[in-house]
Amino acid sequence: MSRENVEVVLQDLEYWNRGDIDAFVGLWDDDVVLRAAEGWPERVFRGKDAVRSFYEGFAETVGRDSLIEDLIDAGDVVVTRMRAHMTGVQSGLEGDMRFTQVTTLRNGKVVLAEFFWDHREALKAAGLSE
Amino acid sequence: MSQENVEIVRRAYEAFDRRDFETVPGLGSPDFELDISAHPIPDFPNVGTGTEHMAGFFATYLAGFSDYTMDVTEVIDGEDKVVALCHDTARLGPGVVERDFAHLWTVSAGSLVRLQVFKTADEALEATGLKE
């Protein structure tokens, strides 16, 4: 199951990067919970519709050009250190957004996604240490 | 070399105080990395490469305030790492915000190669390995 979870995360990123939001959300459980990183206007999103609205906002502000810098397979949890190229909507600054996503899966579906700016904090949340 | 690294960092702050955004990039290597991922700002990329990015970042950031001052309260020498503890005062109209934060500079061959921004001194020191 562990490798299957990694495959789900990789497949979901592929859907995201090609802009197929329906397929992207299709890999999420109906009762999915998403916890955004500190400083995001809203921090907790519950259910597919709320998660979709989060990602629509994410696409507007950060874009869809994301890649995985590092991946840790921890069974039911997959930790991905991400880097997304972006241009600030207001600031106009071009650069990258680096963050870590901790994804928890059950029966091949994402049930919890947590975002962290600090990779070490993400590892702690996943029950891992650097 | 360690004291020279501290001096380079001090020169960067002096240039910043003068809003001299030609000198600051000149102190950095071409592949200089600015990393604010531990202290992100909305709508700003949290990692950027190159001295042009650094200069643009600071110019854009300062443009958001009617007045901005930053004081370096302590500099800690960690060989190729230099930690600067900072306090800033940012004004926008009647609003004033004061904050403490920490900069972790990496210096190599006489050039600034990386600046990481942290919310606390402890986080910066932990990242250098100077604090267990």
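About the thresholds
- Residues numbered from 1 in each chain as written.
- Chains lettered and ligands numbered in written order.
- Predicted model: local features only at pLDDT ≥ 70, side-chain atom pairs only at ≥ 80, totals over all residues.
- Helix = DSSP H or I, 4+ residues; strand = E, 2+ residues; numbered from the N terminus.
- Rg over C-alpha atoms; globule rule 2.2 N^0.38 Å.
- Buried ≥ 20, exposed ≤ 12 C-beta atoms within 10 Å, placed from the backbone.
- Contact = placed C-beta atoms within 7 Å.
- Nonpolar A, V, L, I, M, F, W, Y, C, P; charged D, E, K, R; others polar.
- Core = buried A, V, L, I, M, F, W, Y, C linked by C-beta atoms within 7 Å.
- Expected span 1.5 Å × (residues − 1).
- Arc of directions from axis to C-beta.

A closer look at the overall build of chain A
Then, number 1: A tally of regular secondary structure across chain A gives 4 helices and 6 strands.
Then, number 2: Starting at the N terminus and walking to the C terminus, you meet the elements of chain A as α-α-β-β-α-β-β-β-β-α.
Then, number 3: Over its C-alpha atoms chain A spans a radius of gyration of 14 Å, differing by no more than 12% from the 14 Å that the globule rule assigns to 130 residues.
Then, number 4: C-alpha extents for chain A along the principal axes are approximately 40 × 35 × 25 Å.
Then, number 5: The 130 residues of chain A split such that 27% are buried.

What to know about the overall build of chain B
Then, number 1: When you go through chain B residue by residue, the secondary structure sums to 4 helices and 6 strands.
Then, number 2: The helix and strand sequence of chain B, counted from the amino end, reads α-α-β-β-α-β-β-β-β-α.
Then, number 3: Compactness check: chain B gives a C-alpha radius of gyration of 14 Å against a globular reference of 14 Å for 132 residues, within 12% of the reference.
Then, number 4: Reported as C-alpha extents along the three principal axes, the dimensions of chain B are approximately 45 × 35 × 25 Å.
Then, number 5: In chain B, buried positions account for 33% of the 132 residues.
Then, number 6: A sequence separation of at least 24 residues applies to 46% of the contacts in chain B between residues at least 6 apart.

Let's talk about the interface of chain A and chain B
Then, number 1: Counting residues at the interface gives 15 residues for chain A and 14 residues for chain B.
Then, number 2: By residue number, the principal contributor to the side of chain A that touches chain B is strand S5 (residues 94–106) of chain A, which donates 5 residues.
Then, number 3: Each residue belonging to the side of chain A that touches chain B can be placed in one class, and the counts come to 5 nonpolar, 6 polar and 4 charged.

Focus on the environment of Val9(A)
Residue and element names in this part refer to chain A.
Then, number 1: Inspection of the secondary structure puts valine 9 in helix H1 (residues 2–17).
Then, number 2: Distance from valine 9 to threonine 104, taken between C-alpha atoms, is 9.7 Å for residues 95 residues apart in sequence.
Then, number 3: Residues contacting valine 9, with those up to four places away along its chain left out, are Val78, Thr80 and Thr103.

Some remarks on the environment of Thr103(A)
Then, number 1: Its place among the elements puts Thr103(A) in strand S5.
Then, number 2: Considered as a pair, Thr103(A) and Asp73(A) are 30 residues apart in the sequence and their alpha carbons are 10 Å apart.

Comments concerning the nonpolar core
Then, number 1: Membership of the largest hydrophobic core comes to 24 residues, with the highest contact counts inside it found for Val83(B), Ala102(B), Trp105(B), Phe118(B) and Ala124(B).
Then, number 2: Those elements giving two or more residues to this core turn out to be helix H1 (2–17), strand S1 (28–35), helix H3 (51–63), strand S4 (81–92), strand S5 (95–108), strand S6 (111–118) and helix H4 (121–128) of chain B.
Then, number 3: At 5 residues, the largest contribution of residues to this core is made by S5(B).
Then, number 4: Leave out the neighbours within four places in its chain, and Val83(B) touches Ile76(B), Gly78(B), Ala102(B), Leu104(B), Ala124(B), Leu125(B) and Thr128(B).
Then, number 5: Ranked by size, the runner-up nonpolar core spans 23 residues in total, among them Val51(A), Val62(A), Leu105(A) and Ala126(A).

Side note on unusual backbone geometry
Residue and element names in this part refer to chain A.
Then, number 1: Although it is not a glycine, asparagine 107 sits at a positive phi angle of roughly 50 degrees.
Then, number 2: Within the secondary structure, asparagine 107 is located in the loop between S5 and strand S6 (109–116).
Then, number 3: In this structure asparagine 107 comes out as exposed when scored by C-beta crowding, with 8 C-beta atoms within 10 Å.

Structural notes on H1(B)
Since one α-helical turn is 3.6 residues long, residues separated by three or four positions face the same way.
Residue and element names in this part refer to chain B.
Then, number 1: For H1, spanning 16 residues, the distance from its first C-alpha to its last is 23 Å, which sits close to the expected 22 Å at 1.5 Å a residue.
Then, number 2: Within H1 the residues assigned to the buried category are Asn5, Val9 and Ala12. Here the buried residues of H1 occupy an arc of 50 degrees about the axis, which is enough to place them on one side. In H1, the exposed positions that point more than 90 degrees away from the buried face belong to Gln3, Glu4 and Asp17.
Then, number 3: Buried residues belonging to H1 abut helix H2 (23–26), strand S3 (67–78), S4, S5 and S6.
Then, number 4: After H1 finishes, the residue arginine 19 shows a positive phi value of roughly 60 degrees.

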